[in-house]
Amino acid sequence: MQSVDVAIVGGGMVGLALACGLQGSGLRVAVLEQTVPEPLDQDAPPALRVSAINAASEKLLTHLGVWSNIIARRVGRYHGMEVWEKDSFGRITFDDQSMGYDHLGYIIENALIHQALWEKAQQCKDVTLIAPAELQQVAWGENDAFLTLKDGTMLTARLVVGADGANSWLRNKADIPLTFWDYHHYALVATIRTEEPHQAVARQVFHNDGILAFLPLSDPHLCSIVWSLPPEQAKAMQQASDDEFNQALCVAFDNRLGLCEVQSERQVYPLTGRYARQFAGHRLALVGDAAHTIHPLAGQGVNLGFMDVAELITELRRLSREGKDIGQHLYLRRYERSRKHSAAVMLASMQGFRELFAGTHPAKKLLRDIGLKLADTLPGVKTQLLRQALGLNDLPEWLR
Ligand SMILES: Cc1cc2nc3c(=O)[nH]c(=O)nc-3n(C[C@H](O)[C@H](O)[C@H](O)COP(=O)(O)OP(=O)(O)OC[C@H]3O[C@@H](n4cnc5c(N)ncnc54)[C@H](O)[C@@H]3O)c2cc1C
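Residues numbered from 1 in each chain as written. Predicted model: local features only at pLDDT ≥ 70, side-chain atom pairs only at ≥ 80, totals over all residues. Heavy atoms only, no water.

## Section: the overall build of the protein chain
- Within the protein chain, the regular secondary structure consists of 11 helices and 20 strands.
- By the compact-globule yardstick of 21 Å for 400 residues, the protein chain fits well, its C-alpha radius of gyration being 22 Å.
- Along the first, second and third principal axes, the C-alpha atoms of the protein chain reach 60 × 45 × 40 Å.
- The buried share of the protein chain, reckoned over its 400 residues, is 54%. (Helix = DSSP H or I, 4+ residues; strand = E, 2+ residues; numbered from the N terminus. Rg over C-alpha atoms; globule rule 2.2 N^0.38 Å. Buried < 20%, exposed > 50% of the residue type's maximum accessible area, 1.4 Å probe, protein only.)

## Focus on helix α1 (residues 13–22)
- Taking burial as the measure, the 10 residues of α1 include 10 buried ones, the bulk of the element.
- Among the residues trailing α1, Gly24 stands out with phi positive, at a value near 90°.

## Observations concerning the site of the ligand
- Near the ligand, the surroundings consist of 29 residues, among which Glu33, Ala52, Asp289, Gly299 and Val302 are the closest.
- At a separation of 3.2 Å, an oxygen atom of the ligand approaches a polar side-chain atom of Gln34.
- One of the backbone nitrogen or oxygen atoms of Gly301 is found 3.2 Å away from a nitrogen atom of the ligand.
- A total of 1,000 Å² of accessible area belongs to the ligand in isolation, and the protein chains cover 84% of it. (Near = heavy atom within 4 Å. Polar contact = N/O pair within 3.5 Å; in protein donor to acceptor, adjacent residues only side chain to side chain. Areas by Shrake-Rupley, 256 points an atom, 1.4 Å probe, with all protein chains shown as cover.)

## Here's the deal with the packing of helix α8 (residues 301–321) against helix α9 (residues 329–357)
- Two elements in contact, α8 and α9, have axes whose closest approach is 10 Å; the angle formed by their N-to-C orientations is 165°. Considering their axes alone, α8 and α9 lie roughly antiparallel with respect to each other. With respect to the hand of their crossing, α8 and α9 are arranged in right-handed fashion. Contact with α8, carried on its side by Leu304, Met307, Asp308, Glu311, Leu312, Glu315, Leu316, Arg318 and Leu319, involves Tyr331, Leu332, Arg334, Tyr335, Ser338, Arg339, Ser342, Ala343 and Met346 of α9 and no other residues of that element.
- Among the residues forming the contact of α8 with α9, the class breakdown is 10 nonpolar, 2 polar and 6 charged. (Axes fitted to C-alpha atoms, helices over the stretch in contact; angles between N-to-C directions. Parallel < 35°, antiparallel > 145°, perpendicular 65-115°, else oblique. Left-handed = near helix turned anticlockwise from the far one by under 90°. Contact = heavy atoms within 4.5 Å. Nonpolar A, V, L, I, M, F, W, Y, C, P; charged D, E, K, R; others polar.)

## Section: the nonpolar core
- Of all hydrophobic cores here, the largest spans 111 residues; its most connected members are Leu32, Leu61, Ile70, Leu117 and Phe306.
- It is α8 that contributes the most residues to this core, 10 residues altogether.
- When sequence neighbours within four positions are dropped, the list of residues in contact with Phe306 reads Met13, Val14, Ala17, Ile53, Ser57, Leu60, Leu61 and Ile113.
- Core analysis: the second largest hydrophobic core is formed by 22 residues, Leu188, Cys223, Trp227 and Val262 among them. (Core = buried A, V, L, I, M, F, W, Y, C linked by side-chain atoms within 4.5 Å.)

## Let's talk about the UniProt feature "domain: FAD-binding" (unreviewed entry) in the protein chain
- Annotation from UniProt places "domain: FAD-binding" (unreviewed entry) at residues 4–344.
- Helix makes up 29% of residues 4–344 and strand 34%, and the two end C-alpha atoms of the span are 32 Å apart. (UniProt positions renumbered as here; feature names shortened; annotations may be inferred.)

## Digging into the pattern of salt bridges
- The full count for this structure, using the stated rule, is 24 salt bridges.
- Notably, a salt bridge pairs Asp126 with Lys125, separated by 3.6 Å at the nearest N-O pair.
- Between Asp376 and Lys382 there is a salt bridge whose closest N-O contact spans 2.9 Å. In terms of burial, Asp376 and Lys382 fall into one category: buried.
- Sharing partners across several salt bridges, the network here consists of Glu315, Arg318, Glu322, Lys324 and Arg334. (Salt bridge = Lys/Arg side-chain N within 4 Å of Asp/Glu carboxyl O.)

## Some words on the packing of helix α2 (residues 55–63) against α8
- Running from amino to carboxyl end, α2 crosses α8 at an angle of 45°, the nearest separation of the two axes being 9 Å. By the angle between their directions, the pair α2 and α8 is classed as oblique. In the packing of α2 onto α8, the handedness of the crossing is left-handed. Judged by residue contacts, Ala56, Ser57, Leu60 and Leu61 of α2 engage Asn303, Phe306, Met307, Val309 and Ala310 from α8.
- Residues of the contact of α2 with α8, tallied by class, amount to 7 nonpolar, 2 polar and no charged.

As structure tokens, then:
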């Protein structure tokens, strides 16, 4: 029987970030991941799953010592953002220089962030990576939690952290109720070559009931798209011929970057909002998608998960320093309160956006166009919106 202080179920981006951040805290950590990651092929075309990484996550990844390794590879650094509503005057733009920043964020392949964190975790002497790990059972005792793997391996931990994604096995085993709702959208993702260069600007257009984001990659003519559409339309766009798809994409995107050509397969993901009723319990904490999932329209999902990690690292390091029991729910409440609040605010904002931009009623359209115009021109509004998007309004102590 192996014994650790923290057992993290799920070695995705969020679980690995937590493991790396606990190195040096005096806590022994195990990460249990069901799949062994494939080595990255630098010459392969860009992967379909990418994330817009904001300034707060950049700070976290820098603290973890992986940032320089990530940006030495293939990343899209962007300097501007533009959001508009199709067939209307509603539009808002942001650019780094006029707002006092030297960039607004990065578009990075998830696999690249994952690989850098995996390599880092392998070098951390207090972290044990167990992969592939097939979990069979978990039980919570007074002083320890007990994990059993299908191969018979047993593990005890003072705290078990669920970082096992949206359909978290651990959350289900702990019987934590989940509030969830269907966004009635599927996200279609693909890589697109554009006739005109993207000029390092992330663009998003709201059209009827669709939301289309063009995220600039390192190649000036390549963008990763996230196109959120009602399920039937998303499936139709996935199955359309390349020509039909390219044409529909250009129209939806107002021809903003000239002709578009799809360069990859097209994948679709059903979008569901999720909010766990508890983010912590007796010898239990949830982080990342295991605790919450949101609509990708603002590209904030993993950024939110990384801030869970920063907050939990702050708390666990403090408890360990003070010699307290890291698995006591009483001590985990501070983490839970603060991250439930941030997730609730984010979920409510995404829901607000979804509802505001749904429907074509002329009065509602006029209202939102005026709103966008005002936000674009009123002094101070853009600064606040940008700080929120960059994650700088709500930085956990470890990153300040
Ligand atoms: C289309 C789309 C676009 C997005 N774009 C952005 C964006 O631009 N910016 C952004 O911030 N976010 C974005 N997101 C959200 C982001 O992808 C997720 O929030 C993020 O991947 C969650 O990371 P995670 O580590 O919490 O979960 P996951 O990535 O789901 O990782 C969970 C890990 O746990 C492992 N696991 C699962 N079950 C078990 C088990 N029983 N035992 C052991 N291991 C297990 C899995 O193998 C996996 O490695 C987007 C999401 C979608 C769908």
